[in-house]
Every structure is written in C-alpha cells, then in structure tokens.
Amino acid sequence: MSRVSLADEEAEHGISMEREGGDEIYTLDGSTDRHGRPSIKRKSGGWGVGFLILVNQGLATLAFFGVGVNLVLFMTKVLEQDNAEAANNVSKWTGTTYVFSLAGAFVSDSYWGRYKTCIIFQVIFVLGLVLLSLSSFLFLLRPCIPGEGNPRCQPPTPIEIGVFYLCIYQIAIGNGGYQPSITTFGADQFDEEDPKEGLSKVAFFSYFYLAMNLGSLFSNTALVYIEDEGKWVLGFWVSAGAAFAALALFLGGIPRYRHFKPGGNPLIRISQVITAATKKWRIKVPPQEEDLYEVDEKGDSTNGGRKILHTQQFRYLDKAAVITTVDFSQEGQLLPPNPWRLCTITQVEEVKCILRLIPIWLCTIIYSVVYTQMASVFVEQGSTMNSAMSTFHVPPASMSIFEILGVASFVLICKALPIHVFCGPCRRNKKSSSIQLRSMGIGLIVAAIAMISAGIVEFKRLKLADGCTSCKDSSSLSILWQIPQYLLVGASEVFMYVGQLEFFNGQAPDGLKSFGSALCMTSMSLGNYVSSLLMSIVMDITTRNNQPGWIAENLNKGHMDRFYFLLAALTTIDFVIFVLCAKWYRSISLEDKRKLIQVNDHN
C-alpha cells in the first residue's frame, strides 16, 4: 500500500499518522475535533482541558451536595415534614439522581454524544439551582426564616411545595444525567493508545475522584454552617454560582476537546445478537474464528469504535456471526447482511463484554453498603461519644472530613507509589484490567478492616458506658477514636471507586463508555437499598424476645459492634466471590491500530 493511500485511510478512520512535513500528529484512538476531523494531539486534549474538567467536577459536586447535605433539615424546618417523611423524600430524590445517570449514559452513548450530553444536562442543573434559590426566597423563606426558630411562620401551601419539588428534581435530573458523561468525556481527552497519554488517562480517574471529594468537603463544612444558621437562600445561591462557574469553565474548553461519535442504540444491537443466535440455535459454531462474519473496514461502525477481537467465552452467542446459505445469493455472492440474522464478531463481543462485566459489578454492591455507613451508623456512633475538645464540641457529622483526607492522602500516595507497590504480581502483568481488579480487591480488604476498626471502637465504647444503659451519651470515649475507621474507608474508596472508574470505562466497548461509568453510580445506589434491607433484617431478627436489637434507639442498650463485625464478614465473603469472578474474567481485546499501520506501511 502506498504512503499516500495509507495516509488517506488513516485520516478517514482517525488513526495516528505523521504528515510528510512532520508538523502534525493525530491521535491513535479514533477521536475527532468538533468539526469531525481527526484530532491533532498538539491542538487538542491532554491535561490542558483535563484540568478544566477536574475543576468543573469539583464545582459541580460542591453545588449538588450544597443542596443535598442539608435537604432533610430544610424539609423538616421549612416544609414542616416529620423526620421519617423527610428522610424518605430525600432517599427518593437521591435515587432519582442515580436512575438518571443511566438515562444520561444511554443518550450519550446512543444519540447525543458525551460533549452534547454534558452541556444539556449542565444547563438543566444550573437552571434548577437558580429556580430553587428564587422560589425558596420568594415563596418559602421571604415571610420569615424557619431556620432561625420563628414560631409565626405559616406552613407552605401545596403549590409552593410543588414548585420546590419541581426544582430539586430538576437538579437531580441535571446532575444525574451529567455525571457518567463527564467522567468518560474527561477520559476521552487522553489517547489510551499512546503510552504517555495512557498513563495520564489512568491518573485522571484518581484526580477526578479527588476533585469530587474536595468539592464535597467545602459543601460539608462551609455550606453546612451557612444553612444551619438558617441562611438557606444564601447556601442555594452559592450552589447555583458554583454550578454556573462549572458550566462556564466547560464551555471555555470547546476549541480543544476531543470527541467520539455516538454508536447508536445499544439495546437494538444487543437484541439483534440474541435474536440472530436464537434463530441459529441448531447451527454448530465453526472452530476457526476466521469463518465468522466481520466487516473489512478498520473500524466497525456498528458500535461507534474499534473492532473487538473474538473470545471463547459465551460461545453460544457466536452463532449470531455464523454465515449460512441463507446469507448468499444464488450466484454465490454474500448478500447485504440482515442485522437480525447475521451480526459481526464485534457486535457479538460487545454483548459478551456486558455479560462479563455484570458479575464484577454485582460484587461491588456490598462495598457500597459499607460506604453508606458513614452517613448513618458512623454518625450515630459518634453522637454517643465524648465530642468535647477543650471548649469546642466536634459535630459527629463533621468527622467525615477525615474520610476526605484519607481519599486525598491515598490518591497522592498511589500516584507516588504505583499500585504494584501494594500488589507485587501486577508488575509482571501488562493487562491494565488485572491491575484494576486487584485494586478493587484491595479496596474490599481495606473496607473489611475499616468495619473491624469501627466494631472494636464500639465494643470499647460500650464497655465504658456499661452501667448507664438509661443514658444515651454517657460514654467517656473520645470521638477522635473514630478517625481510623474514617481514614480506612477513605483509603478503600481510592482502591475501589477509582478502580471501578478505570475498569468499567476501560473494559466497556467503545460505544458504551458512558454506560461503564454509570455502573459505578448504580452500584452506590443499590448499596443504599441493600443497606436499608440488611438493617431491617438485622433489626427484625435481633429485636425478638423483647430484646432492644443491635441498633437500638439507645445505642448503649444495643450491640452495634456486632453489626460492624457482620459487615466485615459479608465484605470478606464478597471478596472471596470477587476473586473467583476476577479469575474468570477475560479482558476486552481491541484491534491494535499501531500494528495495523506498521504492517500496511511495510507492505
């Protein structure tokens, strides 16, 4: 093949090449600029726009948690709801956020693309925050300030409450739809086929998670204080301002962003594979993969990205790619394929990728159960401990600062000392998926240790409170003894959640990258539901025979230490299952375009 024709072909498919003048080098991963032309490395992507996206994420997280962190208090003090009703409404609101992460991932991968999805949902997010600030001031808080204890406040009308819910659910939709797309869009700015940028892409996920935690740190400190003082409108306006600044920063990077085209509706592609395989259930799969159907082009347009090489798992689905006599004309020519009867190897492998990811994803849910304890039982435990430090009292909820410090510390440690320092076998394994799976496994181990630490602290607290079961806050044990469990949870997050972001983004097919990022958010969501279910089961079993239960209203009469040890045991069992799933897992194998170029150029 001539050098000129090779260059034309490379430019058409977004493959890296160097022009004769040597002045421009294109990306290897098929990314394009905003005009649909192959991305030039020097003029696009990299840490220049990566930093913008990190700051954008930090500000957006600040804005979201600035509303969510005290939402339950707003509902009780301003909307005059009881504690149970307010807690239930906040849970529904949070669940909506996670549900729309799947919706955002779907439209991003299928139709809009990640860039357009990020802009649309960020605009929805900003407008929701502005409307919440205005409506709260005009309709709910202008007559009086319930947060300041004014007894003459009139209860809000149903219309005012309805407007409030429209605003907060618009915020949930905007943030939920935006999150999985911005994660993947940020990773898109680094060419994973380039060794140097590939390392930067791995580092980006760690810094992305750190940016999220730093954003929540400000909302959990400064904004909590503002809103606790009854200055709800000021807190909402700060959130709106942060979200607007995040959007402005994102728009500022438009000329330098790298883009990937959406791959079409994945549900249709998956249905086609299952339907085609079912129609050919009697047909035997040929032993040679060369006999299976695949397009000749360098990229497979069916999934909006590169071709995926054939694997031996789920061999039944390979029937969808078997060419039969029905696919030929009477003259022996291959007819234009019917996608509901004949699918490419890449399309079949795309379905296999999803099936392989599901067991790994299920194993992450138990970890999310552990993670959710920080916002519930950790705070309840701290409220019964000695929080006095000289004349200052430490609010139990503010102990989560140590979790954020744990995240920040271990992100920096893991960047200075790569993951193989903690996991020796990774040094000899070149597959990044193996490193990510090991990282997630370490996260489970550290999470189990965190629960054991919390259980030991609770056991000691109960010992010191012994003899005063009628008291609720009698323990003399300092609340600072909770620091290790918060730090350990923070460390486990770096291994587990950062590992998840890297793993699901890297192992999802090119046409489903945002879906991979959304899996992390749905894992957190299901963790909340499973935690609630587990708590109900534990209380149902332990409150029989007139026993107060492990997590009693008066914790001095309960045994919350046993609940912590139960979580440690469940996490350990989950780790064993995770190891088995990780050994069974086979990483995705994409077409190596660099080798393809070298072969063609040599010929």
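Conventions adopted
Residues numbered from 1 in each chain as written. Predicted model: local features only at pLDDT ≥ 70, side-chain atom pairs only at ≥ 80, totals over all residues. Heavy atoms only, no water. Helix = DSSP H or I, 4+ residues; strand = E, 2+ residues; numbered from the N terminus. Buried < 20%, exposed > 50% of the residue type's maximum accessible area, 1.4 Å probe, protein only. Contact = heavy atoms within 4.5 Å. Expected span 1.5 Å × (residues − 1). Bend = angle between axes of the 7 residues up to and from the residue. Salt bridge = Lys/Arg side-chain N within 4 Å of Asp/Glu carboxyl O. Patch = residues over 30% accessible without salt bridge, like charges linked within 9 Å, V, L, I, M, F, W, Y side chains within 5 Å. Areas by Shrake-Rupley, 256 points an atom, 1.4 Å probe, with all protein chains shown as cover. Core = buried A, V, L, I, M, F, W, Y, C linked by side-chain atoms within 4.5 Å. Polar contact = N/O pair within 3.5 Å; in protein donor to acceptor, adjacent residues only side chain to side chain. Axes fitted to C-alpha atoms, helices over the stretch in contact; angles between N-to-C directions. Left-handed = near helix turned anticlockwise from the far one by under 90°. Nonpolar A, V, L, I, M, F, W, Y, C, P; charged D, E, K, R; others polar. pLDDT = per-residue confidence, 0-100. Phe/Tyr/Trp six-rings, centres within 6.5 Å; stacked < 30°, edge-to-face > 60°. Disulfide = S-S within 2.5 Å. Parallel < 35°, antiparallel > 145°, perpendicular 65-115°, else oblique.

The next point concerns the overall build of the protein. Counting its secondary structure elements, the protein contains 19 helices and four strands. Expressed as a percentage of the 603 residues in the protein, the buried residues total 53%. The long-range fraction of contacts in the protein, counting pairs at least 24 apart against all pairs at least 6 apart in sequence, stands at 80%.

The periodicity of an α-helix, 3.6 residues per turn, causes residues three or four positions apart to be oriented the same way. Taking 1.5 Å of rise per residue, the 31 residues of helix α6 (residues 158-188) would be expected to cover 45 Å, and the 45 Å separating its terminal C-alpha atoms lies within 8% of that figure. Bending of α6 peaks at approximately 30° at the position of Q179, with proline P180 no more than four residues after it.

With that settled, consider the pattern of salt bridges. Here the structure, examined in full by the defined rule, presents 13 salt bridges. Ionic pairing is found between D191 and K41, a salt bridge with its closest N-O pair at 4.0 Å. In this pair, D191 is assigned in the loop between α6 and α7 (195-228) and K41 in the loop between α1 (3-13) and α2 (47-68), connecting sequence segments 150 residues apart. We note that D191, like K41, is buried. Taking the shortest distance from any N to any O, the salt bridge between K352 and E349 comes out at 3.1 Å. With K352 and E349 both in helix α10 (residues 345-363), this residue pair falls three residues apart, about one helical turn. Residues participating in the shared-partner salt-bridge network are R315, D318, E349, K352 and R356.

Turning our eyes to something else, we now look at a nonpolar patch on the surface. A surface patch of nonpolar side chains, about 540 Å² in accessible area, is lined by L131, L134, F137, L138, F139 and W237. Element by element, the count of residues in the nonpolar patch is highest for helix α5 (residues 114-141), at five residues. Note on W237: relative accessible area 37%, which makes it partly exposed.

Right, let's get into the nonpolar core. Grouped together as the largest cluster of nonpolar side chains are 112 residues, with contacts concentrated most on F164, I360 and F378. Top contributing element to this core by residue count: helix α16 (residues 483-507), with twelve residues. Excluding its chain neighbours within four sequence positions, the residues that come into contact with I360 are L437, M440, F503, F504, F578, C581, A582 and Y585. The next biggest cluster of nonpolar side chains, apart from the first, holds 13 residues, and it includes A277, A321, V322 and V351.

Another aspect to go through is the side chain of S136. With respect to the helices and strands, S136 occurs in helix α5. Here the side chain of S136 touches L132 through a polar contact of 2.7 Å, landing on its backbone oxygen.

The subject of this paragraph is the packing of α16 against helix α17 (residues 513-542). Contact geometry for α16 and α17: axes closest at 7 Å, N-to-C directions at 150°. For the crossing formed where α16 meets α17, the hand is right-handed. For the pair α16 and α17, the contacting residues are Y497, Q500, L501, F504, N505 and G506 in the first and K513, G516, S517, L519, C520, S523 and M524 in the second. For the contact of α16 with α17, the class distribution of residues is six nonpolar, six polar and one charged.

Glancing now at the environment of M451. Mapping M451 onto the fold places it in helix α15 (residues 432-465). Exposure remark for M451: the relative accessible area of 0% places this residue in the buried category. Residues M451 and A569 lie 118 residues apart in sequence; the distance between their C-alpha atoms is 9.1 Å. Not counting the four nearest positions on each side in its chain, M451 is found in contact with V370, F378, Y564, L567 and A568.

As a further point, take helix α18 (residues 560-584). Under the 1.5 Å per step criterion, the end-to-end length of α18 is 36 Å for 25 residues, consistent within 8% with the ideal 36 Å. Taken together, the buried positions of α18 are occupied by M560, D561, F563, Y564, L567, A568, T571, D574, F578, C581 and A582.

This part covers the confidence of the model for the protein. Do not read the fine detail of predicted coordinates wherever pLDDT is low. Scored by pLDDT, the protein has a mean of 80; 84% of the residues are at 70 or more. Per-element averaging of pLDDT across the protein places helix α19 (residues 593-602) at the bottom with 37 and α18 at the top with 94. Note on residues 419-430: pLDDT under 50 across the span, and 20 contacts to partners over four residues away in sequence or across chains. Segment residues 592-603: pLDDT under 50, and 20 contacts once partners within four positions in sequence are set aside and those in other chains are kept.

What follows covers the environment of L362. On the secondary structure map, L362 appears in helix α10. As for L362 and L519, which are separated by 157 residues in sequence, their C-alpha atoms are 9.8 Å apart.

What follows is about the packing of aromatic side chains. Following the criterion strictly, the structure yields 30 aromatic pairs and no others. Residues F106 and Y111 carry aromatic rings whose centres are separated by 6.1 Å and whose planes lie at 75° to one another, so their mutual orientation is edge-to-face. Take F106: its relative accessible area is 29%, and that puts it in the partly exposed class. Given a relative accessible area of 48%, Y111 falls into the partly exposed group. Every member of this aromatic cluster is reached through a ring pair, and the members are W47, F190, F204, F205, Y207 and F208.

Below, the discussion takes up the state of the cysteines. Inspection of the entire model under this criterion finds zero disulfides. The thiol of C581 is not disulfide-bonded; the next cysteine sulfur, from C363, is found 4.0 Å away.

Describing two packed helices takes the angle between their axes plus the distance from one axis to the other. Between helix α9 (residues 266-279) and α10, the least distance of the axes is 9 Å, while the angle of their chain directions is 105°. It follows from the interaxial angle that α9 and α10 lie roughly perpendicular. Here α9 contributes R269, I270, Q272 and V273 to the contact with α10, which in turn contributes Q347, V348, E350, V351 and I354. A breakdown of the residues in the contact of α9 with α10 according to their chemical character gives five nonpolar, two polar and two charged.

On to the side chain of T32, then. By the secondary structure assignment, T32 is in the loop between α1 and α2. In contact with T32, other than residues within four places in its own chain, are R37, P38, S39, Y257, R258 and H259.

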